[in-house]
Amino acid sequence: MLSFNATMVLLAISCVTLLVGFSAREKRWGPWVMLVAVVGLLSLMSYSIVNLLS
């Protein structure tokens, strides 16, 4: 399982990526960056939930 600090770093990276994608939403690559950030956030949450259940 990831440590608390590693989880917070990954969460911060995903949030910053989401912010960058939202700031560039008028460009062609902006929505794709937001999509990658949301998938990263959801995978981090699901990884944490699965580790708590097992």
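Since we're looking at a predicted model, the values are computed, not measured.

Asks: I'm lost on the side chain of Ser-14 in this one. Help?
Replies: Examined against the element boundaries, Ser-14 turns out to sit in helix H1 (residues 4-23). Among residues more than four places away in sequence, those in contact with Ser-14 are Ala-37, Gly-40 and Leu-41.

Asks: Hey, could you run me through the packing of H1 against helix H2 (residues 30-53) in this one?
Replies: Helix-helix packing is characterised by the crossing angle of the two axes and by the distance between the axes. Contact geometry of H1 with H2 gives a least axis separation of 7 Å together with a crossing angle of 160 degrees. What the angle tells us is that H1 and H2 run roughly antiparallel. In this structure, the crossing between H1 and H2 has a hand that is left-handed. Only Gly-30, Val-33, Met-34, Ala-37, Val-38, Gly-40, Leu-41, Leu-44 and Ser-48 of H2 make contact with H1, whose side of the interface consists of Thr-7, Leu-10, Leu-11, Ser-14, Cys-15, Thr-17, Leu-18, Gly-21 and Phe-22. Looking at the contact of H1 with H2, its residues break down into 11 nonpolar, seven polar and no charged.

Asks: How do you make sense of the side chain of Thr-7 when you look at a structure like this?
Replies: Following the sequence through the fold, Thr-7 ends up in helix H1. Excluding residues that lie within four positions of it along the chain, Thr-7 makes contacts with Leu-2, Leu-44 and Ser-48.

Asks: Can you walk me through the packing of aromatic side chains in this structure?
Replies: Aromatic ring pairs are defined here through the distance separating the ring centres and the angle between the ring planes. Summed over the entire model, instances satisfying the criterion amount to zero aromatic pairs. If you follow Arg-25 out to its NZ or CZ, it ends over the ring of Phe-22, 4.3 Å from the centre.

Asks: So what exactly am I meant to see when it comes to H2 here?
Replies: An α-helical segment advances 3.6 residues per turn. Residues three or four places apart therefore align on the same side. An ideal rise of 1.5 Å per residue puts 34 Å on 24 residues; H2 measures up with 35 Å between its terminal C-alpha atoms. Listed as buried for H2 are Gly-30, Ala-37, Leu-41 and Leu-44. Next to the buried residues of H2 lie H1.

What counts, and where the lines are drawn
- Residues numbered from 1 in each chain as written.
- Predicted model: local features only at pLDDT ≥ 70, side-chain atom pairs only at ≥ 80, totals over all residues.
- Heavy atoms only, no water.
- Helix = DSSP H or I, 4+ residues; strand = E, 2+ residues; numbered from the N terminus.
- Contact = heavy atoms within 4.5 Å.
- Axes fitted to C-alpha atoms, helices over the stretch in contact; angles between N-to-C directions.
- Parallel < 35°, antiparallel > 145°, perpendicular 65-115°, else oblique.
- Left-handed = near helix turned anticlockwise from the far one by under 90°.
- Nonpolar A, V, L, I, M, F, W, Y, C, P; charged D, E, K, R; others polar.
- Phe/Tyr/Trp six-rings, centres within 6.5 Å; stacked < 30°, edge-to-face > 60°.
- Lys NZ or Arg CZ within 6 Å of the ring centre and 35° of its normal.
- Expected span 1.5 Å × (residues − 1).
- Buried < 20%, exposed > 50% of the residue type's maximum accessible area, 1.4 Å probe, protein only.

None of the figures reported here should be taken as evidence of function without further support.
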